[in-house]
Amino acid sequence: MLGWFASDFFAQSPLLAFPLVGLTIFITVFGVITLRTIHMGKGHAGKARIQHLASLPLNDSNEEIQHD
Amino acid sequence: METERITYNDRISRWFIGASVTWGIVGMLVGVIVALQLAFWQSNLPPYLSFGRLRPLHTNAVIFAFVGNMLFAGVYYSTQRLLKARLASDKLSWIHFWGWQSIIVSAAITLPLGITQSKEYAELEWPIDIAIALVWVVFAVNFFWTLARRREKQLYVAIWFYIATLIAIAVLHIVNALAIPVGPLQSYSVFGGVQDALVQWWYGHNAVAFFLTTPILGIMYYFLPKAADRPVFSYRLSIIHFWALVFLYIWAGPHHLLYTALPDWAQTLGMVFSVMLWAPSWGGMINGLFTLRGAWDRLRTDPVLKFFAAAITFYGMATFEGPLLSIKSVSGLAHYTDWIIGHVHAGALGWNGFMAAGMFYWMVPRLFGTKLHSQKSANTHFYLATFGILLYVVSMWVAGVTQGLMWRAQTEDGGLMYPNFLETVLALKPMYWTRLVGGTLYFVGFVMMAWNLYKTARSGAPVDEEVEVPAATLQDAASSQPHTPWHKLVFGAPVVLTLVVGGMLSTLAFVNEMASTFIVVMAFGVALLGSIALQLTRKSDRPTWHALLEGRALVFTVLTVGAVLIGGVAEIVPMVVTGSRDLKVTKNKPYSPLELQGRDVYVAEGCYTCHSQMIRPFVWETARYGKVSSADDSIFDHPFQWGSKRTGPDLAREGGLRSDLWHYRHLVDPREVSAGSIMPDYAHLERHTFKFSGIEAKVRVMRSLGVPYSVKQVQQAPRDAEAQAILIATGLKKEANVEVPADSKMVAVIAYLQRLGRLPTPQSDPGATNENTVKEVN
């Protein structure tokens, strides 16, 4: 099935491989960078810094209005 | 640590919210009216309140008045709190507020009067454009000044998005608005034809990106954690979200011009970057939705979270649909149809409208020190608006796909199955009525919110929050802290790696396919190995490059400018450079002075809102409209008139297809010659006149833009225009005893329509000596 799909797809033009290669490269690089970023600042100082930054909106005011 | 007590300037946010809600009602009401005009043509009230003039008013009002004021309210409120500093200047804040409202009022007056540049979402004329630039600078000065006086060193992700907004909108607006004035309320774009199309959609798409998306994402990153009472799901993911989004978005504009006369390389760039955009957009959506983890139960009762959750869902849906529509084969079906209208409104009503509602319901009780007047009303608003959006979007999907399929439907012998364009219009009428119902429901919900917010404000009193903050600003503390030199950040390892990979990929424009493949593989390898090397060489006891960057506002801004500009420069500069070369080899001829005058009438009436002038390379398009449009066809069009929607047929090759009398009758009463047409009548063009003497200045400005008029043609323009006008008026009199003043706008617009897609006839070019035949433009 996949073989038939591939041969039918590329029968139109072998150049159709280029967008697929491009998409694969993009997804790979994007994935690697995402993983790297997710893992950055894993040390104690890094964790504390990230927690501080992520909490900035929560620590910026005095009052809290309660909804009914 | 020594502290001091400061009071935030919350008054400015209250005023911006009031303005946003007020203009939101106006903009959405006009939206309901234009929806009615498409379903029921009799509701057009020409000349000032017909569809062509009201549609730009609707788009400008909702984008710049409703969302604009909303984002200013949110930016000012959150920026002060995230930076722990009061706004730098109250005076600048008020100049910003009143300047922006004056611009909106100017738009509300000029657009119904037909004073427009016809560039979508950038219709306002040059004096207003200058005012927009000045007010934006005031906003930027106030923001960056506050940034310089902050007490919180690290910039939260919301601030990054605000910086990108400030920079990108300034660049987009200034470049796209470049024009030469003809008079106090008219100008011609310095770009023409295909260049103008590219610049306009670079602007148009990125107005969506940097006015309707990035600031609202900043607002999401601030207000959603507050409303959910938990930090953002992944701060690290927001770094990816930000940089990938601001870098990729700016390249995507050409997806509005697929299958047009825009060069293939630009179309492909637009399509590829649009598909890539899907990844960071969904990264942001996931980050938003996962921030609600553990708070989902509160959605049942809390209208703020309901609106936020639905808004982020609509953001995800719209940012999936956008890349889908950018794929060429999908665009072939969807472009010029109502599908695009549905897509736009999923974003505008679902993402922007719901984010605004959530933010207002959260902010107003706090800004007035009270509780929301009616939770029940807010919940009803949510359900009404959601149902309204669904009706709207689904009806437009059905209409768009129906339209696209009917346009391309062929009979067994290869002819068009629906050769009469009106058949495809009439088939959509039920969907237009359904859209009207959906839009009205949304509007009713919005009015309910306005009432609820008003009652909330009335039940409390204005509160400007006071907080304890560190006494010293960062400038005061800077001397006592270790400082990373700016060049180590600007030329840090991640930037150098990005530049190297980007440079390698840039060479693809100059090499053959084999070399391209090799370079792509090399670039991929460099990116991968570089990332691994960065990871391995990082010292865990030191802050990361990005952590250092987040504490340096100026360096952060410089890198953001770089990320935003690369795409625009890469696409626009080559087009502008080749533009002057194309002018030297064109086979086209400039418009006659009267045709130029008629073109201005076409622009003023907003004909481009319903008619395209771009025949795409499809059999069903050439069978219906004629030869495929080329870049040369519109080379003298300042601004271009390719359009983006076909409520009526394409007009690129309308010239010579029908008689002057047919056009006259059609404009006076479209239904007389096209039974069932939903076009408004333009009988007023017969009564409205122009001065032949005024045409000389128009031709002169066109000449200064590179349109090859001779000095003699400029000087003779009024006489040539009058001669051509008398010929047309006399012809109408002879043919059907119709008395039309030669200096009427009717005569001018007929001259323009008869010129579309063909070279001048001897009648339209009094100086010409060619044979009296119609020639198609090559």
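Quick look at the overall build of chain A
So, step 1. Summing up its helical and strand segments, chain A has three helices and zero strands in all.
So, step 2. What you see in chain A, going N to C, is helices and strands ordered as α-α-α.
So, step 3. In chain A, which comprises 68 residues, the share counted as buried stands at 24%.
So, step 4. As presented, chain A carries roughly 4,600 Å² of accessible surface, and 70% of it is formed by carbon and sulfur atoms.

Quick notes on the overall build of chain B
So, step 1. When you go through chain B residue by residue, the secondary structure sums to 29 helices and four strands.
So, step 2. Relative to the 2.2 N^0.38 estimate, which gives 28 Å for 778 residues, the radius of gyration of chain B is 27 Å and therefore close to what a compact globule would have.
So, step 3. For chain B, the C-alpha atoms occupy an extent of roughly 90 × 65 × 55 Å along the three principal directions.
So, step 4. Of all intrachain contacts in chain B linking residues separated by at least 6 positions in sequence, the fraction that spans at least 24 positions is 82%.
So, step 5. In the form shown here, chain B has an accessible surface area of approximately 29,200 Å², with 66% of it arising from carbon and sulfur atoms.
So, step 6. Placing the 62 positive and 52 negative side-chain charges of chain B at their respective mean positions leaves the two points 6 Å apart.

Considerations on the state of the cysteines
Residue and element names in this part refer to chain B.
So, step 1. This structure, assessed with the given rule, holds zero disulfides over all chains.
So, step 2. Here C607 stays free of any disulfide, with the sulfur of C610 as its closest cysteine sulfur at 8.6 Å.
So, step 3. Owing to a relative accessible area of 15%, C607 belongs among the buried residues under this scheme.

Considering the interface of chain A and chain B
So, step 1. Taken together, the contact between chain A and chain B spans 36 residues of the former and 54 residues of the latter.
So, step 2. Between chain A and chain B we count zero salt bridges in total.
So, step 3. Linking chain A with chain B are two residue pairs in polar contact (both at pLDDT 80 or more), by the criterion used here.
So, step 4. Of all the secondary-structure elements, those providing two or more residues to the side of chain A that touches chain B are α2 (17–39) and α3 (44–54) of chain A.
So, step 5. Looking at the side of chain A that touches chain B element by element, the count peaks at 14 residues for α2(A).

Describing empty space enclosed by the protein
So, step 1. What the rule picks out here adds up to five cavities of 30 Å³ or more.
So, step 2. Here the residues of the lining of the second largest cavity are counted per class, giving seven nonpolar, six polar and six charged.

Topic: the packing of helix α7 (residues 214–228) of chain B against helix α12 (residues 338–367) of chain B
All names here are of chain B.
So, step 1. Following both chains from N to C, one finds α7 and α12 inclined at 40°, their axes separated by 11 Å at the closest point. Judged by the angle between their axes, α7 and α12 are oblique. When the axes of α7 and α12 are compared, the crossing they make is left-handed. Residues I216, L217, I219, M220, F223, K226 and A227 of α7 form the contact with α12, whose own contacting residues are W351, N352, M355, M359, W362 and M363.
So, step 2. Taken together, the residues that form the contact of α7 with α12 break down as 11 nonpolar, one polar and one charged.

A look at the pairing of strand β2 (residues 179–183) of chain B
Residue and element names in this part refer to chain B.
So, step 1. Bridge count between β2 and strand β3 (residues 186–189): four bridges; the pairing is antiparallel. In the sheet register, G183 faces β3, and the bridge partner there is Q186.
So, step 2. In this structure, the hairpin formed by β2 and β3 is closed by a connection of two residues.

Some points on the side chain of K84(B)
So, step 1. By the element assignment, K84(B) lies in the loop between α2 (51–83) and α3 (90–110).
So, step 2. It is E152(B) that comes nearest to the buried, bridge-free K84(B) among opposite-charge side chains, at 4.2 Å.
So, step 3. Setting aside chain neighbours within four positions, we find K84(B) in contact with L56(A), N59(A), I6(B), Y8(B), R151(B), E152(B), V469(B) and P470(B).

Brief notes about the nonpolar core
All names here are of chain B.
So, step 1. Among the nonpolar cores identified, the biggest contains 188 residues, and W100, F210, F354 and F360 are the most heavily contacted of them.
So, step 2. It is α2 that provides the largest number of residues to this core, a total of 18 residues.
So, step 3. When sequence neighbours within four positions are dropped, the list of residues in contact with W100 reads F64, G68, N69, F72, I95, I132, V135, W136 and F211.
So, step 4. Ranked by size, the runner-up nonpolar core spans 43 residues in total, among them L594, A721, A725 and I750.

Regarding the domain arrangement of chain B
All names here are of chain B.
So, step 1. Domain parsing of chain B yields domain 1 (3–7 + 14–464), domain 2 (485–551) and domain 3 (593–755).
So, step 2. Summarising the inter-unit geometry, the C-alpha centres of domain 1 and domain 3 are found 33 Å apart.
So, step 3. Facing the 61 residues of domain 1 at the interface are 53 residues of domain 3.
So, step 4. The contact between domain 1 and domain 3 buries some 4,700 Å² in all, and 65% of this surface belongs to carbon and sulfur atoms.
So, step 5. For the domain 1 face of the interface with domain 3, the top three residues by lost area are W41, Y188 and Y336, together amounting to 17%.
So, step 6. For the interface between domain 1 and domain 3, the tally reads two salt bridges.
So, step 7. Across the pair K645 and D338 runs a salt bridge, and its minimum N-O distance is 3.3 Å.
So, step 8. Taken together, domain 1 and domain 3 are joined by 16 residue pairs in polar contact (both at pLDDT 80 or more).
So, step 9. Looking at the side of domain 1 that touches domain 3 element by element, the count peaks at six residues for helix α6 (residues 193–210).

Some remarks on the environment of E686(B)
Residue and element names in this part refer to chain B.
So, step 1. Examined against the element boundaries, E686 turns out to sit in helix α26 (residues 684–687).
So, step 2. Taking C-alpha positions, E686 is 76 Å from T537, a pair spaced 149 residues apart along the chain.
So, step 3. In this view, E686 contacts Y664, V668, E739, V740, P741, S744 and M746; residues no more than four positions away in its chain are not counted.
So, step 4. At a separation of 2.7 Å, a polar atom in the side chain of E686 contacts the side chain of Y664.

A few points about the environment of R581(B)
So, step 1. For R581(B), the position within the fold is in helix α21 (residues 553–585).
So, step 2. Taking relative accessible area as the criterion, R581(B) reaches 53% and is therefore assigned exposed.

A few points about the confidence of the model for chain B
So, step 1. Looking at chain B as a whole, its pLDDT mean stands at 92, while 96% of the residues score no less than 70.
So, step 2. Taken as a whole, residues 766–778 of chain B scores under 50 in pLDDT and shows 25 contacts with residues more than four places along the chain or in a different chain.

Focus: the pattern of salt bridges
Residues and elements named next belong to chain B.
So, step 1. As enumerated under the stated definition, the model contains 25 salt bridges over all chains in all.
So, step 2. Across the salt bridge formed by D10 and R81, the nearest N and O atoms sit 2.8 Å from each other. Of the two residues, D10 sits in the loop between β1 (3–7) and α1 (11–39) while R81 sits in helix α2, which places them 71 residues apart along the sequence. The same class applies to D10 as to R81, namely buried.

Brief notes about the confidence of the model for chain A
So, step 1. Per-residue confidence for chain A averages 73 on the pLDDT scale, and 78% of its residues sit at or above 70.
So, step 2. When mean pLDDT is taken per element in chain A, α3(A) scores highest with 77 and α2(A) scores lowest with 75.

A few points about the layout of surface pockets
Residue and element names in this part refer to chain B.
So, step 1. What the second largest pocket holds in volume is close to 830 Å³.
So, step 2. What lines the second largest pocket is a set of 44 residues, and nearest its centre among them are H611, G648, P649, H666 and M679.
So, step 3. Those elements giving two or more residues to the lining of the second largest pocket turn out to be α1, α2, α14 (421–426), α22 (593–604), α23 (619–625), α24 (660–668) and α29 (745–755).
So, step 4. At four residues, the largest contribution of residues to the lining of the second largest pocket is made by α24.
So, step 5. Along the lines of polarity and charge, the residues of the lining of the second largest pocket split into 25 nonpolar, 13 polar and six charged.
So, step 6. Counting contributing residues, the lining of the second largest pocket receives three or more from each of domain 1 (3–7 + 14–464) and domain 3 (593–755).

Concerning the packing of aromatic side chains
All names here are of chain B.
So, step 1. Counted under the stated rule, the structure contains 58 aromatic pairs over all chains.
So, step 2. With centroids separated by 5.6 Å and ring planes inclined at 70°, the aromatic side chains of W160 and F242 adopt a geometry described as edge-to-face. Within this pair, whereas W160 is found in helix α5 (residues 157–176), its partner F242 is found in helix α8 (residues 235–249), the two being separated by 82 residues in sequence.
So, step 3. W160 sits in the buried class, given a relative accessible area of 0%.
So, step 4. Classification of F242 as buried rests on a relative accessible area of 0%.
So, step 5. Taken together through their ring pairs, the aromatic side chains of W15, F16, F64, F72, Y76, W94, F97, W98, W100, W136, F139 and F211 make up a single cluster.
So, step 6. In this structure, R14 is placed above the aromatic ring of F368, and the distance from its NZ or CZ to the ring centre is 5.7 Å.
So, step 7. R81 extends its terminal NZ or CZ atom over the ring of Y77, reaching a point 3.6 Å from the ring centre.

Scoring rules and cut-offs
- Residues numbered from 1 in each chain as written.
- Chains lettered and ligands numbered in written order.
- Predicted model: local features only at pLDDT ≥ 70, side-chain atom pairs only at ≥ 80, totals over all residues.
- Heavy atoms only, no water.
- Helix = DSSP H or I, 4+ residues; strand = E, 2+ residues; numbered from the N terminus.
- Buried < 20%, exposed > 50% of the residue type's maximum accessible area, 1.4 Å probe, protein only.
- Areas by Shrake-Rupley, 256 points an atom, 1.4 Å probe, with all protein chains shown as cover.
- Rg over C-alpha atoms; globule rule 2.2 N^0.38 Å.
- Contact = heavy atoms within 4.5 Å.
- Lys, Arg positive; Asp, Glu negative; His and termini not counted.
- Charge placed at Lys NZ, Arg CZ, Asp CG, Glu CD.
- Disulfide = S-S within 2.5 Å.
- Salt bridge = Lys/Arg side-chain N within 4 Å of Asp/Glu carboxyl O.
- Polar contact = N/O pair within 3.5 Å; in protein donor to acceptor, adjacent residues only side chain to side chain.
- 1 Å grid on protein atoms, 1.4 Å probe; cavity = no way out; pocket = protein on both sides within 12 Å on 5 of 7 lines; lining within 4 Å.
- Points joined across faces, edges and corners; volume = space filled by probe spheres on them.
- Nonpolar A, V, L, I, M, F, W, Y, C, P; charged D, E, K, R; others polar.
- Axes fitted to C-alpha atoms, helices over the stretch in contact; angles between N-to-C directions.
- Parallel < 35°, antiparallel > 145°, perpendicular 65-115°, else oblique.
- Left-handed = near helix turned anticlockwise from the far one by under 90°.
- Pairing = 2+ DSSP bridges.
- Core = buried A, V, L, I, M, F, W, Y, C linked by side-chain atoms within 4.5 Å.
- Domains from an automatic or database assignment.
- Buried area = accessible area lost by both parts, 1.4 Å probe.
- pLDDT = per-residue confidence, 0-100.
- Phe/Tyr/Trp six-rings, centres within 6.5 Å; stacked < 30°, edge-to-face > 60°.
- Lys NZ or Arg CZ within 6 Å of the ring centre and 35° of its normal.

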